[in-house]
Amino acid sequence: MEKFTPEQYFANPEEFLREISSLGHQIPLMSHIDVDTSKLADCFLVRFRGMIQDMMDPELYLEKYQITNGAETRIQNGKYRDTLVLKAGEKVNYDAEDNVHGERRSVFVVSVPGVNSWVHEVEKSVYGITKNGEILQETSVETISNGVKRPLNEDEEVMETDEEPPVKKIESESNVTEQKAPNSLLSAEYLLNSPLPDRPSKACIVKFYEDFDSLTLNSVVDVIGFLAVDPALDGTFDEGDGFIDETERQATNPPPSLIPRLHAVKVTKLTHINPYFDLGSQEESKPEEVYKDLRLALSQCLFEDVIAADYLIAHLISTVHTRNNIHALGKLSLNISNIPSQVLPEFTTALYEIIEMLVPASHYFPMTLENMNTCQFVPKKDYKTNKLTSGILQLAPHTHLVLDETRLQVGKLEAAGVDALKSIADLINAQRLKYNFQFYEIEFDTDVPVLILSEGKSMLPNDCHIPLKPQADLAIIKETFVAVKHFLAPRLPAMRKFLTKQRKAEFDVKPEDTEMIQNAFVEMRRDNEKVTADDLHSLLVLSRLMALSRGHGVMSKEIWDATMALEAERKERVAQLPSRRRI
């Protein structure tokens, strides 16, 4: 990759982009590489894949500048670099008329929160990365430029970059001094700012030079660009100019060995992070066969409850496909209840392990009183460092959130816990999350499927509540999960691809089927006056997911009738539950 330089890009941008597009997996993936121990150097062409976790202020820089060496002058390109490039004896003429100032936008990108280990393993194999984060192919350690690079505090470049700190427990923003360098006021944990602190992300500051308006918070991007790891970028040793607080300066300019910079030349917004979906396979499994195998496996995990397995599969492929002012259409939050107490707490974690094997990104959250009262759920602005500290609910699209309500004990929810419940309810109901800027709130769209596991009906809102109806011997549930894992092992690639493919699949309702659905709704209203438009909406969402889960891209009478029968069974189970006062 060392032959790809900013100078080559300037010479012929179109040809440069064509060449790097053909490289594919030959470009090192920084998401799995330890910058501090790798052989990657400044201006090396790399890629980083992750979620945009925070936006930063616009940054001015010298796009072109005149350099003098006695009577000789030359023009140097400053684009795609953080420091000025000078040879021995050269100086920058800051007053030259040929100087051009540009603007770039920096964003803080973290590797996708909650990405599951099987995705890491496939990506490492594809990109030739060892378990220790080493690149198998040889890389050059030579710097691209022969010039002398000056620290930023000696130049006139404004290096503004924003990062965020990961905070699991609610605490003072100033209480971030552990695990820090001798001259640092901030911990590495705070600088990395992982949304899920118990599953730390890698981080990268990505600098964009165009299409600023296309950047959106929480979107997942694949960025190819020039690496910047010059130690001069570390604000820990920068004395500053007195205008910016030292804490903010260090937060804005973290050590590049911890958080490298990447100057983007090609950016792709990703709609999924499933490596099996793009790699393909020589033999494509038939969707109906994959569905049957998946249904069998999940029903065994759910005590041979086939109905519950159907709802769980529908949940796993659900996604927000359309939004209006009121609804996020396509979501299916699911509450699986009536979990026998004698199999708890092992059952919920065992079920999550199965889900973790199937989907690219997920997170299990035990709803204990301590977690509800002390964890930070929504991002919060830290004005001392000018950073947005992340929260557990700041997740990338299609990250499956599993809430274990069986862990909630009798006790008191503090004010923070009540706020947490409200935030979770907003996420479930509208797929929106309000970020806390202390003096005001800003609402952001999300697309996070939520599965709630509970003994009785959940206190949280949900789109669908399915009480389990165990048919199997509860005493052998541990052995059942072991057997299911053996059954899934050879089928996992096909199942993983199937779930992503069906989530992304197009779906159509023909005019004659529309008329059939309208007539069915009229009959439902005739039989039960309490049936509303919301009930029809729920049936349409569920029938769509039922069709897609079986590999069908169009509505049919068979699918509609099957959905109606499924809902009738579910509602009968709910009606048979003993009344339970909500918490």
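Residues numbered from 1 in each chain as written. Predicted model: local features only at pLDDT ≥ 70, side-chain atom pairs only at ≥ 80, totals over all residues. Heavy atoms only, no water.

## Looking at the sheet that holds strand β12 (residues 334-337)
Okay, step 1: Across the sheet, which stays open at both edges, the five strands sit in the order β13-β16-β19-β12-β20 with parallel pairing between neighbours. The strands lining the two open edges of the sheet, one partner per strand, are β13 (362-366) and β20 (464-467). Adjacent strand axes in the sheet meet at a mean angle of 15° when their direction is disregarded.
Okay, step 2: Pairing of strand β16 (residues 400-404) with strand β19 (residues 450-453) involves four bridges; the strand directions are parallel. Paired with L403 across the two strands is I452, which belongs to β19. (Pairing = 2+ DSSP bridges. Helix = DSSP H or I, 4+ residues; strand = E, 2+ residues; numbered from the N terminus. Axes fitted to C-alpha atoms, helices over the stretch in contact; angles between N-to-C directions.)

## Description of the side chain of S423
Okay, step 1: Looking at where S423 falls in the secondary structure, it is placed in helix α11 (residues 415-430).
Okay, step 2: Contact partners of S423, with chain neighbours within four places excluded, come to V378, L393 and L433. (Contact = heavy atoms within 4.5 Å.)

## Quick notes on the pairing of β19
Okay, step 1: Along β19, one buried face is formed by V450 and I452 and the opposite face, lined by L451 and L453, is buried too.
Okay, step 2: In this structure, β12 lies alongside β19, joined through three bridges in parallel fashion. Bridging from a neighbouring strand, L334 pairs with L451 of β19. (Buried < 20%, exposed > 50% of the residue type's maximum accessible area, 1.4 Å probe, protein only.)

## Regarding the confidence of the model for the chain
Okay, step 1: Confidence in the prediction for the chain averages 87 pLDDT; 88% of positions are at 70 or higher.
Okay, step 2: With pLDDT under 50 throughout, residues 138-179 is counted as low confidence; its partners more than four residues away or in other chains account for 156 contacts. (pLDDT = per-residue confidence, 0-100.)

## Description of a negative patch on the surface
Okay, step 1: A cluster of like negative charges, contributed by D419, D426, E441 and E443, occupies part of the molecular surface.
Okay, step 2: E441 sits in the exposed class, given a relative accessible area of 54%. (Patch = residues over 30% accessible without salt bridge, like charges linked within 9 Å, V, L, I, M, F, W, Y side chains within 5 Å. Areas by Shrake-Rupley, 256 points an atom, 1.4 Å probe, with all protein chains shown as cover. Salt bridge = Lys/Arg side-chain N within 4 Å of Asp/Glu carboxyl O. Lys, Arg positive; Asp, Glu negative; His and termini not counted. Charge placed at Lys NZ, Arg CZ, Asp CG, Glu CD.)

## Some thoughts on the pairing of strand β5 (residues 100-110)
Okay, step 1: When strand β1 (residues 45-69) meets β5, the two strands line up antiparallel, connected through ten bridges. Its bridge partner lying in β5, I52 is registered against V109.
Okay, step 2: Where β5 meets strand β7 (residues 203-208), six bridges bridge the pair, whose relative direction is antiparallel. Within β7, the residue paired with S106 across the bridge is K207.

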